[in-house]
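Descriptive analysis of the structure
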Amino acid sequence: MAASQKNVRTCSKGHEYYKSSDCPTCPVCEQERKPENGFLALLSAPARRALEHNGITTLQQLATYSEKEIMKYHGMGPASLPKLRAALEENGLSFRK
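Remember, it's a predicted structure, so these values are computed and weren't measured experimentally.

1. Brief notes about the overall build of the chain
- Along the backbone of the chain there are five helices and two strands.
- Reading the chain from its N terminus to its C terminus gives the helix and strand order β-β-α-α-α-α-α.
- Taken against the 2.2 N^0.38 rule, which gives 13 Å for 97 residues, the C-alpha radius of gyration of the chain at 16 Å runs more than 25% over that of a compact globule.
- Taking the contacts inside the chain whose residues are at least 6 apart along the sequence as the reference set, 31% of them involve residues at least 24 apart.

2. What about the pairing of strand β1 (residues 7-10)?
- Sheet analysis places β1 next to strand β2 (residues 16-19), joined by four bridges and oriented antiparallel. From the neighbouring strand, V8 faces β2, where its bridge partner is Y18.

3. Here's the deal with the side chain of S66
- Among the secondary structure elements, S66 is positioned in the loop between α3 (59-62) and α4 (67-71).
- The exposure class assigned to S66 is buried, which follows from its relative accessible area of 12%.
- When neighbours within four sequence positions are excluded, S66 is seen to be in contact with F95 and R96.

4. Brief notes about the packing of aromatic side chains
- In the structure shown here, the tally under the stated rule is one aromatic pair.
- Arranged with centres 6.4 Å apart and planes meeting at 70°, the rings of Y65 and Y73 form a pair that is edge-to-face.
- Y73 gets classed as buried once you look at its relative accessible area, which sits at 17%.

5. Structural notes on the nonpolar core
- Grouped together as the largest cluster of nonpolar side chains are 18 residues, with contacts concentrated most on F39, L51, L62, I70, M76 and L84.
- Listed by contribution, the elements that provide at least two residues to this core are α2 (45-53), α3 and α5 (80-90).
- At four residues, α5 tops the list of elements feeding residues into this core.
- With sequence-adjacent residues up to four places away left out, L51 is seen in contact with F39, L40, L43, I56, L62, I70, Y73, M76 and L84.

6. A short note on α5
- Residues of α5 that are buried include every one of S80, L81, L84, A87 and L88, and no others. All buried residues of α5 project into a common sector of 130° when viewed along the axis, lining one side. With respect to the buried face of α5, the exposed residues turned more than 90 degrees away are E89 and E90.
- Where α5 is buried, its residues meet α2, α3 and α4.
- In the stretch just after α5, G92 is the one whose phi turns positive, near 70°.

7. Quick notes on the pairing of β2
- In β2, alternate side chains face the same way, and those of Y17 and K19 are buried while those of E16 and Y18 on the opposite face are not.
- Here β1 folds back onto β2 in antiparallel fashion, the turn holding five residues, of which G14 has a positive phi close to 95°.

Thresholds, definitions, all that
Residues numbered from 1 in each chain as written. Predicted model: local features only at pLDDT ≥ 70, side-chain atom pairs only at ≥ 80, totals over all residues. Heavy atoms only, no water. Helix = DSSP H or I, 4+ residues; strand = E, 2+ residues; numbered from the N terminus. Rg over C-alpha atoms; globule rule 2.2 N^0.38 Å. Contact = heavy atoms within 4.5 Å. Pairing = 2+ DSSP bridges. Buried < 20%, exposed > 50% of the residue type's maximum accessible area, 1.4 Å probe, protein only. Phe/Tyr/Trp six-rings, centres within 6.5 Å; stacked < 30°, edge-to-face > 60°. Core = buried A, V, L, I, M, F, W, Y, C linked by side-chain atoms within 4.5 Å. Arc of directions from axis to C-beta.

Nothing here speaks to function; it is all geometry.
Next comes the structure, spelled out in structure tokens:
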């Protein structure tokens, strides 16, 4: 299998980074906007963006969804569910059944 060709890119903020895919996300900007605390800080960038894109920014909002619904979001993987479950449980909440 041949290695992917990485191309240098520059984001609108001037950060230079290399990408081999068509993904437009600047990893430097993504790291800068990662929350320092809260349940979103526990997630990978794609999983966090999936929730944010769908308007889920609080545990109370998350609790109105089932695990099955959350897993349908692009960027959400099975490794995120245990983290989300634990965050909900710590706050007396759970996924909708």
